[in-house]
Every structure is written in structure tokens, then in C-alpha cells.
Amino acid sequence: MMLSGRTCNHAFSTRQMSHQRGALALRSARVAQRPVTCRRAPFVPSAVFLQSEPAQKTASSANNGDAAPSEARTVPSERALAIWRSADAVCFDVDCTITINDGLDLLAEFMGVKEEVEELTNKAMDGTMSLTRSLEERLNLINCSPDDIRRFIKAYPPQSRLAPGIKELIKALQKRGVAVYLISGGFRELLLPIAAHLGIPKDRVFANRMHWQWDDETGMPTKLVGFDTSEPTARNQGKPEAIARIRENNPYNTVVMIGDGITDLEAVQTSGGADLFIGSGVVVEREAVVAEAEWYVYDYKALVSALSRYKVAMVGSGAWACAAVRMIAQNTSQDDPEDEFDDDVRMWVHQGGELVDTINSTHENPAYFPGIPLGPNVIATGNLAEAVADADLLVFCAPHQYIRGICKQLMGKVKPGAAAISLTKGMRVTPEGPELISQIVRRTLGVDCSVLMGGNIAEDVGREQLSEAVIGYYNLEHAQRFKKLFQRPYFRVTLLPDPVGAELCGTLKNIVALGVGMVDGLGMGPNSKAAIIRQGLLEMRDFCQALYPSVRDDTFLECCGVGDLVATCIGGRNRRVAEAWTRSAVEGAEAGEGNGAGRSWAELEKELLQGQKLQGVLTSNEVQQILRTRGWESKYPLFTTINRIVNGHLPPHLVVDYLEGAKADIAVDVEEDIVPLPRQPASAMARLFGQLVGGITQQGGAAAGAAASAAAGAASGAASNSV
């Protein structure tokens, strides 16, 4: 039930003045001015209240037998907060909750019968008159016409009656897709303009309806003759009944009721009603509601700020990581209509120190992404645990050979319930078989991990040129959330329920790009490159489906398949380094130095990529280990030939004669094993890393091995890679 218009207005004015006078004066004013009609309902303690908070103490009995005023539970319990953040629908009382006054009493004042109507309102509130009879007699006193209603609405437009912050709260809920309802003991004729102003559809308004006498000649309503008593809000326990109807007609799991009065509190005291009641003291404080509300607010900003916001962390800081975090930062700060994400995005920078300071002061990464601003809301840190602390969404974008070590550092430090997405392309090969990056994240950290794959050159994305990607997912809800993080006008994202296929495409295309780079290095034209790309796509599909039969054919026609393959073979780093390596090898062969002569892969990686990592050579060796172990080398002639050329077993020109290259007899050192076994000595690990990345030959093996040892020592903090 509601206070009279005079009482609501008086309480609201008192509250505004009291805020200026201090908390003590505010409390004194509330106690002194509490209306006699504000009945106290019996207090029922709840086990879910936060008992550690001083504000959670229940009322103690006063000497005169009346209960002392209770302190409001302004700090929500964990249960209340969880329900609020997961609400499918929120129902609001209107008078003295959404508005600063009671609509019917305000109409009575407008019609000149203010005091008489207030007396009836008080009788209803103190229990000496039923709600239904009180409404009937108040309407008889008001005796308004439709024209009176129209004049009243014009005199008191909705925007003039709204409580502070209510419009912002309702807008925030609506932007998140939460259904908003009005449930009031007032009348639709007075509430519909308010609902329209707040963007609430008419069918989501539960209120009483006025009955009119209609003129036989004009066919127009002329006189108020009562109201429809069949509406649930016309009687006691009407609000939980209205909520029960809402639940019957809608698939809502969680419903919250917000209001200032006892009839609003009833919504959680009946089976089938609301899951949570939040008491509102924004306009008027009612002691009985304060005593029983699981959560009580004096400012609607508290509810807005309590809505869940997802914190995002980027694990990596290379070119592709910077391009990705730039899109994320734009979406969290500028284009977040549902206010769903925390503005700040933390980014782990493995170098730490000076580069972290530079990124935070200039908002650019001069080492890997020069000249392109990341956004002022990107916060760099050299501390991995600090970067992911309390993060709800984890974005992994580091070289694939380091992901396992990174995940091990994060064990026990990831927020329960967090979700992850991998932008990293590659796989780990173990004696038991291949392990995808998303599988490493999922198994090590115990979180769901989607993948984002597509033909994305980091610099082009940073310059906001048209690009596209797919999110391969297991959990659709997580994928939709990640799509909101990445989707931009220049970066189109689609969802694909084939995460394994998407991730393997992103991994294998780097091998094909090496072959295309070799063709360029040999000075051959587009016909030869097209042939390599076509054969590469076929072997990508066959390899994926041989390992994972569930991989879909149409995945290879998505941007993660042929799109990524074409982009990488035209402008990717693997093609570029392979071209330079081939030219060097050809020059060495012409000088009579034999296959594999010329500059090493490690040397060219350092010179051309300036700190970023070459993924194709490592991936080729990992894939070849699988082919060799399973006896599949002849089934994948292009993959096999490229790997043999990479490791100096064949000359580069055989890339265009890959069928013969796969058949060639080569001497393979049986002691060579690209799969690092558990607990190998550091020197052996360095040697193996050199075999993977360095293009080791008998002549240059020592130098490449030393470089590989240094690189392995930095494995815990490598820069993330662009595509």
C-alpha cells in the first residue's frame, strides 16, 4: 500500500534536504516524520543476509513495546546480488517508487478533494478499510471525466513525476535485454503515459482499470462509475498474483520486484511470486519494508552499478594482440549499449618495465604495433597474475609454443566461472597425440575456451580495413558475449559451432604459406601459387577430418578456412620469411653450398619480424611428427615436401613438384624428436627448439642452437603474434 500524495511528497522533500544536512539528521527526520499510516509488518529473519555488516542488524525492542527502527540492508547478500545480475524480468511498483508521488492522490488534489481522499488512503493503509472498498470510495470522491484525466496528464507530464535515477535504471535494464514490468495498485489511465515515456509496452503494465459511463448519442465516455475489480492489483496479494501470471506466459527463470510498500514486499512471500524483493527508499522510507527487505536502496545508481559487468584481460601484447585489444577497448568504452563490459581492459606485456610504462603513457605499443593507438582504457601490466585478476573474459594471444607455460602460471589464479577465447594459431604435439591450444587452456585452467580465427593481418585490422573472423564455440552464450567484444563496423564476426575445424584451419594455413613464400622466392608466378594454395586447402581438410571426423566440410569455405589461407599466403609473415629464406637458399646452392645453405630461419625471423615469432616452421615440424608417426607422409605430399625443404633435406624448387618431393628417400636422424619428453635436460630442450625454429644444418647448428637456447629461456613471456 502507498502513502498519500502529501506524505510521499513530504518524505521526498525531507530526504533531499536531509542529504545536505548529513546522515544523522536524515535518520532523525525519518523517525520524527514517520506517518502513522506506515504499518510495521512482522520481521522474519533470513539466513542469507550478510550478518557481518552493521547495517544487517535487526531491530531491538524499545521500552514501550514497539520495535526500534531497523537499519536498512544496503549491502546485498551474495544471493541477492546473483539474482539481480541474472534477472530475466524486473517488476516495478509505480507510486512512490517510479514516481515521487501517488498518482491517485495527486489526481484528487487536482480535482479539489485532496484531504478527503487522503483520509481514505490512510484507512486502507492502517487496515481499517479493505483495499477494494478504499479504491471505490476514493474514485467516487474524485468523480473525474476523461477530459479531467487528459488535463491532469498535461498538468503533470511523466517526466515531471519521475524519481531520481529511475529512468537511467530502466534504460540500463532494457539495454541488457531484461524485461521491465509495471505492477501498481493505481490506474492504467494514469500509468500508461509514464510507461510510454519509459519505453515499457502496454502489455507489460498491470494496474486497475477505470469503468466509464458512455454517452448513447456521442458514443464517448463521460462519467467515472467505478473500476474493474477482476484485476489482480485491485485486491490484497494482487502483486504476487500478477507476477505468477507473468511467469505463466513467459519463460522467465528469475524475476525481481522493486517497490516501496508492504504490498510490493508480498511479491516474495507467496509461492510463484518474485525471486527477490528490493526495497526502495528513494522517495519514502517505510520501516516495515526496511526491516524485511533483503536489499534496500536509497539511490537507484546502486542498482545500476550492481549490474554485472564483465572484466576483460588480454594475455599477449604482440601485433595481433594489440589489434585485437584495440577492438575490444573500442567496444567496452564506446560501443557498449547494454553497459555489459567494464571499460578498462588489462593487457599482459611480458617484457614489463619500460614498455609497460610507454603503453600506459602513450597508449601505443611502439615495439610491435607502432603508430596505432590502442585506446586510453587499455592498461598494460608486466604481472601476468595481475592482468587476469578478477577477469571474467580471458583472451589468449601469445605464440603457441608458450601457451602451456602461461596456463601453468595461471593455475589457481583464474576467476571461477570465467570464459576464455584463443586467438593463437598452432598446436602442441605430445607422445599421446596433438593438443590444440584451446584444449590446453580448457584442460589446464578448467574454463570453456572458444577460438577466434580468420584472415586477419594485424596491421590491416589496426588501420580499420575490412576484415572478418569466425568464433568457433562449444558454449553459445560465451560465443555471443565474445562476439560483442570483437564485432566492429570494419571487423565482421560470425559464429561457427565447429571450434576444432576453425582452430586447425588457423594452424595449418601457416604451412601452406611457407610453400607460397618458396614459390615467390623462386620467382614463379600466380599459377604456381594458386596450385599450392589449392593443394594446401585439400590437405588441410583431409588432415583435420582424419584427426577429428566431426570437422565440417563447410568450415573450410568460411573465413577461417579459405579466407585465412588466402590472406596469409598474400600478406602474412610466414610467406614473407619463406620468400627471403628461399632466395638465400637458392643463392647458396648456386654458390655450391648445397641444400639448406644460406641464412637460417632464426636469423631471418629476428631480422624481418623484429621480435615476433614465426609460426609456420614450428607448426610444420609438429604436423610432420604426426604424419611420420601415423605413416601418413605420402597422403599429404605438400605438407611433407615443405617440411623436408624447411629442414634442408630437399632443395626449394621441389615445392612445385611436391609429389616427387614426398616420394624422395631422405636420411632422417632417428634420434631427432621434435616432441619434447617430460623432464628433459635444459640443453636438450634448447637443441630441440633449435631444430624446430633454426633450420639447423651441420655447419650452422651450433649458432642456431645457441639462439634457440636464448629463445627458450624467454618462453614464459613472449610477445603475442599477428596472423
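Residues numbered from 1 in each chain as written. Predicted model: local features only at pLDDT ≥ 70, side-chain atom pairs only at ≥ 80, totals over all residues. Heavy atoms only, no water.

Chemist: Provide a residue-level description of the overall build of the protein chain, including the pertinent values.
Modeler: Summing up its helical and strand segments, the protein chain has 31 helices and 18 strands in all. Counting every position in the protein chain, which comprises 723 residues, the buried fraction comes to 55%. As displayed, the protein chain has an accessible area near 29900 Å², and 49% of this comes from carbon and sulfur atoms. (Helix = DSSP H or I, 4+ residues; strand = E, 2+ residues; numbered from the N terminus. Buried < 20%, exposed > 50% of the residue type's maximum accessible area, 1.4 Å probe, protein only. Areas by Shrake-Rupley, 256 points an atom, 1.4 Å probe, with all protein chains shown as cover.)

Chemist: So, the sheet that holds strand E8 (residues 295-297): which residues are in play, and what are the values?
Modeler: Spatial ordering of the open sheet is given by E3-E2-E1-E6-E7-E8, a layout of 6 strands whose pairing is parallel. With partners counted over all chains shown, the strands left at the sheet margins are strand E3 (205-208) and E8, one partner each. Sheet twist, expressed as the mean angle between neighbouring strand axes with direction ignored, is 20 degrees. In the sheet, strand E7 (residues 276-280) pairs with E8 via 3 bridges, with the strands oriented parallel. Residue Ile278 lies in a different strand from E8, and its bridge partner there is Trp295. Across the sheet, helix H9 (residues 166-175) lies against strand E1 (89-92) and strand E2 (179-187), angled at about 155 degrees from E1, the strand it touches most. Running over the sheet, helix H10 (residues 188-197) touches E2 and E3 and is turned about 150 degrees from E2. (Pairing = 2+ DSSP bridges. Axes fitted to C-alpha atoms, helices over the stretch in contact; angles between N-to-C directions. Contact = heavy atoms within 4.5 Å.)

Chemist: Could you give an account of the environment of Phe482, naming the residues involved and the relevant values?
Modeler: Turning to its location among the elements, Phe482 is positioned in helix H21 (residues 476-486). Sequence spacing of Phe482 and Ile471 is 11 residues, and the spatial spacing of their C-alpha atoms is 8.1 Å. Among residues more than four places away in sequence, those in contact with Phe482 are Leu393, Leu394, Ala419, Ala420, Ile421, Ser450 and Ile471.

Chemist: Residues and numbers for H9, please.
Modeler: Every α-helix winds through 3.6 residues per turn, so residues three or four apart in the chain are directed the same way. Listing the buried residues of H9 in full gives Ile166, Leu169, Ile170, Ala172 and Leu173. In an axial view of H9, the angular spread of the buried residues amounts to 160 degrees, which keeps them on one side of the axis. Elements in contact with the buried residues of H9: helix H3 (78-85), E1, E2 and helix H14 (301-306). Among the residues trailing H9, Gly177 stands out with phi positive, at a value near 85 degrees. (Arc of directions from axis to C-beta.)

Chemist: Break down unusual backbone geometry for me, citing the residues and quoting the values.
Modeler: Note: most residues except glycine have negative phi, and most peptide bonds are trans. Of note, Cys96 is a non-glycine position whose phi angle comes to about 65 degrees, a positive value. Considering the arrangement of structural elements, one finds Cys96 in the loop between E1 and helix H4 (103-111). Residue His363 is not a glycine yet carries a positive backbone phi of 60 degrees. If you trace the backbone, His363 turns up in the loop between helix H16 (353-362) and strand E11 (378-381).

Chemist: Any details on the pairing of strand E9 (residues 310-315)? Residues and values, ideally.
Modeler: Working note: regular strand, side chains alternate between the two faces of the sheet. Taking burial as the measure, the 6 residues of E9 include 5 buried ones, the bulk of the element. Of the strand pairs in this sheet, E9 and strand E10 (residues 341-348) are connected by 5 bridges, and their pairing is parallel. Along E10, the bridge assignment pairs Val312 with Val345. In this fold, E9 hands off to helix H15 (residues 319-333), which returns the chain to E10; that crossover is right-handed. (Right-handed = clockwise from strand over helix to strand, strands pointing away.)

Chemist: For the sheet that holds E10, give the residues involved together with the corresponding values.
Modeler: An order of E11-E10-E9-E12-E13-E16-E17-E18 is seen for the 8 strands of this open sheet, with the pairing classed as mixed. Both edges of this open sheet fall to E11 and strand E18 (491-496), since each of them pairs with a single strand only. Shown here is a sheet whose adjacent strand axes are inclined to one another by a mean of 25 degrees, direction ignored. Sheet topology places strand E13 (residues 419-422) next to strand E16 (residues 448-453); 4 bridges connect them, and they run parallel. Directly across from Ser422, in E16, lies its bridge partner Val451. Relative to E16, helix H22 (residues 499-521) is tilted by about 50 degrees, and along the sheet it contacts E16, strand E17 (467-472) and E18.

Chemist: Explain the pattern of salt bridges to me, and be specific about the residues and the numbers.
Modeler: In this structure the tally under the stated criterion is 31 salt bridges. One salt bridge connects Asp93 with Lys239, and the closest N-O pair in it is separated by 2.9 Å. Of this pair, Asp93 sits in the loop between E1 and H4 while Lys239 sits in helix H11 (residues 238-249); the two residues are 146 residues apart in sequence, bridging distant segments of the chain. By the burial criterion, Asp93 is buried, and Lys239 matches it. (Salt bridge = Lys/Arg side-chain N within 4 Å of Asp/Glu carboxyl O.)

Chemist: With reference to specific residues and values, describe the side chain of Ser145.
Modeler: The topology assignment puts Ser145 in the loop between helix H6 (131-142) and helix H7 (146-155). The exposure class assigned to Ser145 is buried, which follows from its relative accessible area of 17%. Residues within four places of Ser145 in sequence aside, it is in contact with Trp212 and Thr222.

Any functional reading would require information beyond the geometric quantities listed.
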